[in-house]
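Residues per chain are reported as follows:
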Amino acid sequence: MATLAGNLMQRSRCPYFLNPDTPCNKRQPGSGCSAVEGHAERNAVLGASESCAAVHPSDLALALCAVDATVCVRGASGTRRIPVTSLHRPPGHRPELDTVLEHGELIAAVELPALPMAASARYRKVGDRASFDFALVSVAVAVDPDGDRIGDVRIAFGGLATTPWRARRAEDFLRGAPATADRFAAAALEELATARTARANAYEVGLERDVLVATLREWDDVDDGAPRA
Ligand SMILES: Cc1cc2nc3c(=O)[nH]c(=O)nc-3n(C[C@H](O)[C@H](O)[C@H](O)COP(=O)(O)OP(=O)(O)OC[C@H]3O[C@@H](n4cnc5c(N)ncnc54)[C@H](O)[C@@H]3O)c2cc1C
Ligand code: SF4
């Protein structure tokens, strides 16, 4: 059993963060990052800094990012509203700070906008196991088709970034474009052009591209050259 706010606020699953015997800047600021020289298979390829490369673990945060949800936060100085896309902090030099919440602030509610295309939104997750496992890569997508073109689109990437990653470059690349599998793949690579990979996690770029293509192909009118049943 879990709570919605608890899921958004959950901390890293980095094995070095979870092991109190290894240096970790997120757990103990200034102690160093064991993941840089250690097992890098699950290190983030987007948003990492020299201080931390831990991926953000929440599936829910990704889905909420893609539909422009807002968290309502209550604290001693009153209430404020924060877009979910701005809730989580990239690690920078302060990886111990996961979110922009101040000490004592609580998430009191999550608001979803009346976004018509959210009704047909999809979430696709790839992991080592079919259930009870965190994502190797994932994607949240909402599309408003316009005939054989993409009218509007929202995309978020997960499993390979330090925060829930709204893929705005890919969105811009697809908005108004023909809905073809080639275009979907190019959009993913446009977003992932800034990915910084190591040998152990370079596979995530191609995997995320394929997951985005597979998810977008689920909408009608996609011209992928394949014969229709
Ligand atoms: C084996 C395993 C597999 C999992 N797999 C996945 C997965 O695939 N995908 C996924 O998304 N999650 C996964 N989870 C995470 C799980 O679903 C929970 O969301 C997560 O552990 C947080 O638990 P919780 O919701 O009970 O929050 P808690 O443990 O109660 O809280 C988590 C953090 O949030 C803070 N918090 C709680 N409520 C608030 C609030 N209202 N305002 C501000 N801060 C708050 C707490 O102080 C704490 O720091 C997995 C967990 C386990 C143990
Ligand atoms: S990647 Fe981040 S969480 Fe993992 S060991 Fe380095 S500082 Fe700690």
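Residues numbered from 1 in each chain as written. Chains lettered and ligands numbered in written order. Predicted model: local features only at pLDDT ≥ 70, side-chain atom pairs only at ≥ 80, totals over all residues. Heavy atoms only, no water.

Caption draft 1: Molecular detail of the site of ligand 2. The environment of ligand 2 is made up of 13 residues, and the closest members are Cys 14, Cys 24, Cys 33, Cys 52 and Ala 53. Its residues placed into classes, the shell around ligand 2 shows nine nonpolar, three polar and one charged. (Near = heavy atom within 4 Å. Nonpolar A, V, L, I, M, F, W, Y, C, P; charged D, E, K, R; others polar.)

Caption draft 2: Summary view of the UniProt feature "domain: CO dehydrogenase flavoprotein C-terminal" (unreviewed entry) in the chain. Annotation from UniProt places "domain: CO dehydrogenase flavoprotein C-terminal" (unreviewed entry) at residues 121-219. Taken end to end, residues 121-219 has its terminal C-alpha atoms 10 Å apart, with 32% of it in helix and 27% in strand. (UniProt positions renumbered as here; feature names shortened; annotations may be inferred. Helix = DSSP H or I, 4+ residues; strand = E, 2+ residues; numbered from the N terminus.)

Caption draft 3: Expanded view of the pattern of salt bridges. Within the structure shown, the criterion is met by 17 salt bridges. Note that Arg 42 is salt-bridged to Asp 128, the shortest N-O span being 3.0 Å. Of the two residues, Arg 42 is situated in the loop between helix H3 (34-37) and helix H4 (59-66) and Asp 128 in the loop between strand S4 (122-126) and strand S5 (137-146); the sequence distance between them amounts to 86 residues. One salt bridge connects Arg 94 with Glu 96, and the closest N-O pair in it is separated by 2.5 Å. Where salt bridges share partners, they join Asp 68, Asp 152, Arg 154, Arg 166, Glu 171, Asp 172 and Arg 175 into one cluster. (Salt bridge = Lys/Arg side-chain N within 4 Å of Asp/Glu carboxyl O.)

Caption draft 4: A look at the sheet that holds strand S2 (residues 78-83). Read across the open sheet, the three strands follow the order S2-S1-S3; overall the sheet is antiparallel. Each edge of the open sheet carries a strand with a single partner, namely S2 and strand S3 (106-111). Strand-to-strand, the axes of this sheet are offset by a mean angle of 25 degrees, without reference to chain direction. Here strand S1 (residues 70-75) pairs with S3 via five bridges, running antiparallel. Bridge pairing in S3 links Cys 72 to Ala 109. (Pairing = 2+ DSSP bridges. Axes fitted to C-alpha atoms, helices over the stretch in contact; angles between N-to-C directions.)

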